[in-house]
Amino acid sequence: MDPPVVLAVDGVRLIVQPHVFDASARLIDVLRNGTRSKGPKIGCGEGGCGACSVLVHRLDPVTGTVHTSIVNSCLATIGSYDGVLITTSEGLGNSKCGFHPVQEAIAKRFASQCGFCTPGIVVAMAAAAEQGPKLLVPAAAAGSTLGITAAVDGSAARAVAIARGLEGNLCRCTGWRPIIDACKVRGH
């Protein structure tokens with residue numbers, strides 16, 4: 001029998017026993033059925049909508065630094081996440097411990113309507129805020145999938161950073177303007 005997978009979800013240790021979820025189980029299924037986390041959702045189930053996005057923090061044993069990445073949990077298998085920290089939108093902030101600045105910006109700019117996509121967008125914005133200038137890659141300067149264009153005032157880098165940060169997320173209700181405005185408030 002395979003050993004259990006041990007990870008932390010929103011700061012809480014989780015031991016995934018192989019008789020409950022085998023190593024090929026999707027991370028989203030473990031999160032939604034094996035924890036209290038309900039933020040990540042199955043939208044498309046193919047990694048194209050961002051509703052299942054979570055932050056993954058891995059320790060590099062050589063350098064001792066923690067590398068953070070955003071992952072579509074509908075595509076990830078639990079066996080690949082032994083020893084990592086997973087942060088969902090609930091782990092970023094909530095009504096009990098206080099909201100993350102990204103969550104506050106979303107609320108203040110009315111950047112959520114039905115709320116289905118909001119946790120994934122919050123996670124994407126938090127990752128973008130953490131990565132900052134790393135999102136500004138030359139290939140992205142020509143345009144973006146969201147159709148954000150740079151103003152004449154020199155905001156091209158900012159527009160590219162916002163577009164790169166939100167790539168892979170879909171919102172069908174709110175529209176992108178309030179979401180982009182919330183990103184601008186956060187200083188992306």
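Our subject is the structure listed above.
Let us look at the structure shown here. All residue numbers here refer to positions counted from 1 along the written sequence of the relevant chain. Local features in this predicted model are restricted to residues of pLDDT 70 or higher, and side-chain atom pairs are both shown and tallied only at a pLDDT of 80 or more, whereas totals for entire chains, interfaces and linings draw on every residue. Hydrogens and waters are ignored; side-chain quantities use all the structure's heavy atoms.

For the rest of this paragraph, the subject is the packing of helix α3 (residues 101-108) against helix α4 (residues 118-131). Between N-to-C directions, angles span 0 to 180 degrees; the directions come from axes that are lines fitted to C-alpha atoms, helices contributing only their stretch in contact. Helix and strand labels come from DSSP, where a helix needs a run of H or I of at least four residues and a strand needs a run of E of at least two; each type is numbered from the N terminus. One way to put it is that α3 packs onto α4 with a least axis distance of 9 Å and a crossing angle of 125°. As far as their axial angle goes, α4 and α3 are oblique. Helix-helix and strand crossings are classified by hand; for α3 and α4 the assignment is right-handed. Where α3 approaches α4, its residues Val102, Gln103 and Ile106 are matched on the opposing element by Thr118, Ile121, Val122, Met125 and Ala126. When an angle is under 35 degrees it counts as roughly parallel; over 145 it counts as roughly antiparallel; between 65 and 115 it counts as roughly perpendicular; any other value is oblique. In a left-handed crossing the near helix is turned counterclockwise from the far helix by less than a right angle, and in a right-handed crossing that turn is clockwise. Here, two residues are considered to be in contact whenever any of their heavy atoms come within 4.5 Å of each other.

Bringing the nonpolar core into the picture now. Ranked by internal contacts, the top residues of the largest apolar core, which has 21 residues, are Leu92, Ile106, Ile121, Met125, Leu166, Ile179 and Ala182. Elements with a minimum of two residues in this core: α3, α4, α5 (156-166) and α6 (176-185). The leading source of residues in this core is α4, at seven residues. Here Leu92 is in contact with Leu55, Thr87, His100, Gln103, Val122, Val123 and Ala126, once residues within four sequence places are set aside. Formed by 18 residues, the second largest nonpolar core is a distinct cluster that contains Leu14, Ala25, Val30 and Tyr81. Among buried residues, those of type Ala, Val, Leu, Ile, Met, Phe, Trp, Tyr and Cys that are joined through side-chain atoms within 4.5 Å constitute a nonpolar core. Here's how the labels work: a residue is buried when its accessible area is under 20% of the maximum for its type, exposed when over 50%, partly exposed in between, all with a 1.4 Å probe on protein chains only.

The next subject is the sheet that holds strand β4 (residues 66-72). Whether parallel or antiparallel, the strands of a sheet pair through hydrogen bonds between backbone atoms. Note: two strands are recorded as paired if DSSP finds a minimum of 2 bridges between them. Strand order across the open sheet formed by five strands is β2-β1-β5-β3-β4, with mixed pairing between neighbours. Bordering the open sheet on either side are β2 (12-16) and β4, each of which pairs with just one other strand. Across this sheet, the average inter-strand angle for adjacent strands is 30°, counted without regard to direction. Sheet topology places strand β3 (residues 53-59) next to strand β5 (residues 85-87); three bridges connect them, and they run antiparallel.

What follows concerns the pairing of β4. Across seven bridges, β3 lies against β4 in antiparallel orientation. Paired with Leu55 across the bridge in β4 is Ile70.

Let us look at the side chain of Gln103. If you trace the backbone, Gln103 turns up in helix α3. Counting of polar contacts relies on pairs of N or O atoms within 3.5 Å, with two restrictions inside protein: one atom must be capable of donating a hydrogen and the other of accepting it, and residues adjacent in sequence are counted only when both atoms are side-chain atoms. Of the polar contacts made by the side chain of Gln103, one reaches the backbone nitrogen of His100; its length is 2.8 Å. Here Gln103 is in contact with Ser89, Leu92, Gly93, Asn94 and Val122, once residues within four sequence places are set aside.

In this section: the environment of Gly43. You can see Gly43 is positioned in the loop between α1 (27-34) and β3. Placed 74 residues apart in sequence, Gly43 and Cys117 show a C-alpha to C-alpha distance of 8.4 Å. Leave out the neighbours within four places in its chain, and Gly43 touches Cys49, Ala51 and Phe116.

Let's shift gears to the state of the cysteines. What is meant by a disulfide is a covalent connection between two cysteines, made through their sulfur atoms. In plain terms, two cysteine sulfur atoms within 2.5 Å form what is called a disulfide here. Counted according to the given criterion, the structure contains zero disulfides. Cys44 takes part in no disulfide bond, and the closest cysteine sulfur, belonging to Cys49, lies 3.9 Å away. When its relative accessible area of 34% is taken as the criterion, Cys44 is described as partly exposed.

Keep in mind that these numbers describe shape and distance, not what the molecule does.
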